[in-house]
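Chains, contacts and geometry: an overview
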Amino acid sequence: MSECFSLAIGVGTQNNAGNWLEVYYPQPLLNPDEKLVKIIADQLNYSGGNQALDLAASQCAALSQALKTAGFAESAELVAQLADSQRPLVVTVLATDEAPTSTPEAYLKLQLLSHRLVKPHGVVLAGIFPLLPNIAWTNQGAIDINELPQRQLSARLKGDALVVYSVDKFPKLTDYVVPSGVRIADTSRVRLGAYVGEGTTVMHEGFINFNAGTDGTSMIEGRISAGVFVGKGSDLGGGCSTMGTLSGGGNIVISVGEGCLIGANAGIGIPLGDRCTVEAGLYITAGIKIALLDDSDKLVEVVKARDLANQSDLLFRRNSQTGAIECKTNKSAIQLNEMLHAHN
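If you're wondering where the values come from, they're calculated on a predicted model, not measured in any experiment.

**Notes on the UniProt feature "binding site: succinyl-CoA" (unreviewed entry) in the chain**
- Feature annotation in UniProt places "binding site: succinyl-CoA" (unreviewed entry) on Arg223, Gly238, Ser241, Ala264, Glu279, Ala280, Gly287, Lys304, Arg317, Arg318, Asn319 and Ser320, given in this structure's numbering. The largest pairwise C-alpha distance within this set of annotated residues, which runs over 98 residues, is 26.2 Å, so the set is dispersed in three dimensions.
- Tracing the sequence through the fold places Lys304 in strand 25 (residues 299-304).
- Of the residues examined, Lys304 reaches a relative accessible area of 35% and is grouped as partly exposed.
- Structurally, Arg317 can be placed in strand 26 (residues 314-318).
- Residue classification places Arg317 among the partly exposed positions, given a relative accessible area of 22%.

Below you can see the structure in the form of structure tokens.
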């Protein structure tokens, strides 16, 4: 077999029509060993390309033994555990990183991100939304929206509790993976497909969308929109926001460099370089006019914010007397309190 992009063995949920609602992959692999892929091909008649292969519980014993014999002990143990599954099983093989074409493929790509195997924008997610059914996420698992009323009635008649936590295309991250070395105060505010770097703290009002996240040691009390990646040591203050490509950011890929501070209730519509500060309450959009100041606070020129994209060591502020938005060199980059992240 030729080199493979990703492979994962999962257990998931289907609706009454046999359509996939979601898939959980305990051990997704990036660039798996070619010998492992060949074993899958021999056991499950995999013929190449990107496929989601049905795995019957009755096939698990033979597959587990083949994996164990070839030296893939961890994968063999996982397959052995799946032999008793009452849920449908699947082996998803991505020969190449192309736009997903099935729900199992879409869920694998989201979990590659959340397992920190790839970073935001490091995997093709084009066309993912139609592949993610809108689901009722409940204390009894994922339920097809059209099947929810009957499930609710059945639960009531049995005296059971059926609690609907959310209705969404995306589940919360921590139902699939809890990244090492992080704190997440409200797990419902971090979606599957988020990349949460080691040492990150997400406070109660913080939010991280899919294909977005942090490189690590960041304090997140604001919103990280889809597609936005935040560098190490940056602080997103309470109520602040980053403009994603799904929410008016256009084709500009918004990012935040290392050691930045976006103040409370502030926001950005341009990518920031390293060690930048945006004053509390100030929203910087790409077309906004900004007065550039020298070290003595004298006006040098007026530019659009997009002209300052990705530049480092900048301080953005609003003049409290004139209301003008100003920018000058930031000589005092923030340093996060290391005690906040020492015990994640």
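**A few points about the packing of aromatic side chains**
- All chains considered together, the criterion is met by six aromatic pairs.
- Relative to Phe170, the ring of Phe129 has its centre 6.1 Å away and its plane inclined at 75 degrees; by these criteria the two rings are edge-to-face. Highlighted residues: Phe129 in the loop between helix 4 (103-114) and strand 6 (135-138) and Phe170 in the loop between strand 8 (164-168) and strand 9 (183-184), separated in sequence by 41 residues.
- Judged by its relative accessible area of 34%, Phe129 falls in the partly exposed class.
- Connected via pairs of aromatic rings, a cluster forms that spans Tyr24, Tyr107 and Tyr176.

**Describing the UniProt feature "binding site: Mg(2+)" (unreviewed entry) in the chain**
- Feature annotation in UniProt places "binding site: Mg(2+)" (unreviewed entry) on Glu205, given in this structure's numbering.
- Looking at the element boundaries, Glu205 is found in the loop between strand 11 (201-202) and strand 12 (207-208).
- The exposure class assigned to Glu205 is exposed, which follows from its relative accessible area of 55%.
- Sequence-distant contacts of Glu205, that is, excluding residues within four places in its chain, are made with Arg189, Glu221 and Gly222.

The rules behind the values
Residues numbered from 1 in each chain as written. Predicted model: local features only at pLDDT ≥ 70, side-chain atom pairs only at ≥ 80, totals over all residues. Heavy atoms only, no water. UniProt positions renumbered as here; feature names shortened; annotations may be inferred. Helix = DSSP H or I, 4+ residues; strand = E, 2+ residues; numbered from the N terminus. Buried < 20%, exposed > 50% of the residue type's maximum accessible area, 1.4 Å probe, protein only. Phe/Tyr/Trp six-rings, centres within 6.5 Å; stacked < 30°, edge-to-face > 60°. Contact = heavy atoms within 4.5 Å.

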